[in-house]
Amino acid sequence: MARPVKNKKLTSPVVYGVWTLEKFADASPRSYSWWIKNISEYPEISKFSNWDKKKKEHWAFDAVKANEWLIKKFVYKEV
């Protein structure tokens, strides 16, 4: 008898290169609720996302640029 396959199939489609706000929060040292309250304090986020206070659509972030920004902002703070 063959061994069972342990690879699990993905339950949701994976989009590479784009993060939702949930994935952005997971990659950052802050929580999702913290970002909901404080995202307006970081206007530079609009450079790599579709974030706009006036629009009512799901936020999408360029994963590469967002990751670089998170590392620069929260891991290696500028002096």
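Rules used in this analysis
Residues numbered from 1 in each chain as written. Predicted model: local features only at pLDDT ≥ 70, side-chain atom pairs only at ≥ 80, totals over all residues. Heavy atoms only, no water. Salt bridge = Lys/Arg side-chain N within 4 Å of Asp/Glu carboxyl O. Helix = DSSP H or I, 4+ residues; strand = E, 2+ residues; numbered from the N terminus. Buried < 20%, exposed > 50% of the residue type's maximum accessible area, 1.4 Å probe, protein only. Patch = residues over 30% accessible without salt bridge, like charges linked within 9 Å, V, L, I, M, F, W, Y side chains within 5 Å. Areas by Shrake-Rupley, 256 points an atom, 1.4 Å probe, with all protein chains shown as cover. Expected span 1.5 Å × (residues − 1). Contact = heavy atoms within 4.5 Å. Polar contact = N/O pair within 3.5 Å; in protein donor to acceptor, adjacent residues only side chain to side chain.

Draft legend 1. Fine view of the pattern of salt bridges. Summed over the entire model, instances satisfying the criterion amount to one salt bridge. Residues E44 and K73 are paired through a salt bridge, measuring 3.9 Å at the closest nitrogen-oxygen approach. Taken as a pair, E44 in the loop between α2 (32-38) and β2 (61-62) and K73 in helix α3 (residues 63-75) lie far apart in primary sequence, 29 residues in all. Of the residues examined, E44 reaches a relative accessible area of 22% and is grouped as partly exposed. On the accessibility criterion, K73 (35% relative accessible area) is partly exposed.

Draft legend 2. Highlighting a nonpolar patch on the surface. Side chains of I71, V75 and Y76 sit close together on the surface and give an oily, nonpolar patch of about 320 Å² of accessible area. Under the relative-accessibility criterion, Y76 is labelled exposed at 60%.

Draft legend 3. Broad picture of α3. Under the 1.5 Å per step criterion, the end-to-end length of α3 is 17 Å for 13 residues, consistent within 8% with the ideal 18 Å. Tucked inside the fold, the buried residues of α3 contact β1 (18-19), α1 (21-27), α2 and β2.

Draft legend 4. A look at the environment of H58. Considering the arrangement of structural elements, one finds H58 in the loop between α2 and β2. Using a relative accessible area of 75% as the deciding quantity, one classes H58 as exposed. For the pair H58 and T20, spaced 38 residues apart in sequence, the C-alpha to C-alpha distance is 7.5 Å.

Draft legend 5. Quick peek at the side chain of S28. Position of S28 relative to the elements: it lies in the loop between α1 and α2. What makes S28 buried here is its relative accessible area of 9%. A polar contact of 3.2 Å, which involves the side chain of S28, links it to the backbone oxygen of R30. Contact partners of S28, with chain neighbours within four places excluded, come to W35 and L70.

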